[in-house]
Amino acid sequence: MATSFTSNSTSNSTSTSTSISNRRQRPRQCPQQRLVIYFATACIIISIINITTNSNNQAEAARPLTPTIIPDNDDIDYSHPEYIEWEDGPTSADEFDHDNNPEICGLEYLTMEEWEAGRYWEKDKPVLVKNATDGWKALNHWKKQEMLLRYPDAEATMGEARLVGETGPDEAGKNLQPTTVKEFITKHMYNPLKYFFDRKISIPKGMLQDCHPFPQPTRTFLDNPTAGEKYAPSKKKKVRSTPDRELWRDHLAISIGSDLQGLTFHHHREAWNIVLFGSKRWILWDHARWNGHNEMQWRLTRDWANDAHVTSADWIRRLYPEPNRTREIREYGHDCIQRKGDMMFVPHRWMHMVVNIGDTVSVISEVGLGGGEGLKNVDFSFDPNESSDDSEDYWSEDWSEDGPPPGWNQDSED
């Protein structure tokens, strides 16, 4: 036992001595080496975090985006009396305004003299015209508080811009509600689901006179409403060979809306739109490009993944950045800011949508737009979704089953 014990002790002692000796002989790491190790470890950790984050981002991008849905709640107070004048309301200028870079907007910016001398309303290209409101009494009479004093009972309609844009204002039916200037401005204007826009309202004569002189060609009818009339074969009365639906008549539509309001993608006959207060961002798309291409039209203007017709602001925020849409508008359309006093001319059937930047007031003249007599109860009673014939003509004119034109990627993702 003693021998065994002595042998083990000697062995343990030798092992311990060797271990201590090995530890003493191991070279020490200098501070620079430790820094290299720490840095390499940190890089590995950061790489793992980036890989995880990118995977989450890709999964998020692959997930269909849900359209913004705003509940309609009549119990909410939308009056906001603290916004005394149009300029006092909220504005999304930081998000939606831009400087009309030619690569983004690309429109000619004309004087009124150039507009009239060049007869641009007969051409198939949009233009912006500056100083269109020079001499207009509306610049004073249509200030917010002054409009409430002068025209409180002027009839109008209001509705959700997204729905009105989908069917067209003339066929919006129960999506519109009757209102007056005073009721809308003091109770509903800042409701995101209420937009003052209609083409059949009975505008008081004084409001029309506030917008004189009208730009051409609307002024021609005002100066001589009987121009072009000839006696009918019966010789009993003069008639016009050109039907009213082909004339620029002396009626104006009025649009009033708070920040971020604006009709979604739609099209109609030639029209001009003049902003008196506020600004608008326009997206325009050439009729010749989408004419006859059903799927292409819907893929660009709608939230294809969710089968939804989204608000104009939502379209710019979520859908416009998709490369196929951005490229299409850059090459075959325009993205422009219309400011106070500017006139935007929209040619025949050019697809377009707008977003208000701040409280915005504008007037519109369109080929065939005649003086309104006010809407009747029956005009608000029908369901536009059940009146598919008219709304389809409005929205999808010239559709065909032909494929999209060259350069359009059908497989783009929303």
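Up top is the structure these notes are about.
So, here is what we can say about the structure in this document. (Residues numbered from 1 in each chain as written. Predicted model: local features only at pLDDT ≥ 70, side-chain atom pairs only at ≥ 80, totals over all residues. Heavy atoms only, no water.)

1. Observations concerning helix α13 (residues 312-319)
Buried residues dominate α13, accounting for seven of its eight residues. Of all the positions in α13, only S312, A313, D314, W315, I316, R318 and L319 are classed as buried. Tucked inside the fold, the buried residues of α13 contact α3 (93-96), β9 (271-285), α12 (294-301), α14 (323-332) and β12 (351-366). (Buried < 20%, exposed > 50% of the residue type's maximum accessible area, 1.4 Å probe, protein only. Helix = DSSP H or I, 4+ residues; strand = E, 2+ residues; numbered from the N terminus. Contact = heavy atoms within 4.5 Å.)

2. A few points about the packing of aromatic side chains
In total, this model carries seven aromatic pairs according to the counting rule given. Between F265 and W315, the ring centres sit 5.0 Å apart and the planes meet at 75 degrees, which makes this aromatic pair edge-to-face. Placement of F265 in the loop between β8 (253-257) and β9 and of W315 in helix α13 is noted, with a sequence separation of 50 residues between them. Exposure class is identical for F265 and W315. Each is buried. (Phe/Tyr/Trp six-rings, centres within 6.5 Å; stacked < 30°, edge-to-face > 60°.)

3. A short note on unusual backbone geometry
The step from H212 to P213 runs through a cis peptide bond, and the omega angle for that step is 0 degrees. As for its placement among the helices and strands, P213 is situated in the loop between α9 (205-209) and α10 (218-223). Omega for the bond connecting Q216 with P217 falls within 30 degrees of zero, at 5 degrees, which places this linkage in the cis form. Position of P217 relative to the elements: it lies in the loop between α9 and α10. You will see that N100, though not glycine, has its phi angle at about 55 degrees, which is positive. On the secondary structure map, N100 appears in the loop between α3 and β1 (109-110). Not every positive phi belongs to a glycine, and L260 is a case in point at roughly 75 degrees. With respect to the helices, strands and loops of the structure, L260 is situated in the loop between β8 and β9.

4. A word on the pattern of salt bridges
As enumerated under the stated definition, the model contains 14 salt bridges in all. In this structure, E116 and R219 form a salt bridge, with 3.0 Å as the shortest nitrogen-oxygen distance. Taken together, the residues E116 in helix α4 (residues 112-117) and R219 in helix α10 connect sequence positions 103 residues apart. We note a salt bridge from E328 to R289, for which the minimum N-O separation is 2.5 Å. Of this pair, E328 sits in helix α14 while R289 sits in helix α11 (residues 287-290); the two residues are 39 residues apart in sequence, bridging distant segments of the chain. By relative accessible area, E328 is classed as buried at 3%. (Salt bridge = Lys/Arg side-chain N within 4 Å of Asp/Glu carboxyl O.)

5. Details of the environment of L263
Structurally, the position occupied by L263 is in the loop between β8 and β9. When the C-alpha positions of L263 and H352 are compared, they lie 8.7 Å apart, and in sequence the two are 89 residues distant. Beyond its immediate chain neighbours, meaning those up to four positions away, L263 contacts A161, V164, G165, Y195, F197, S312, M353 and V354.

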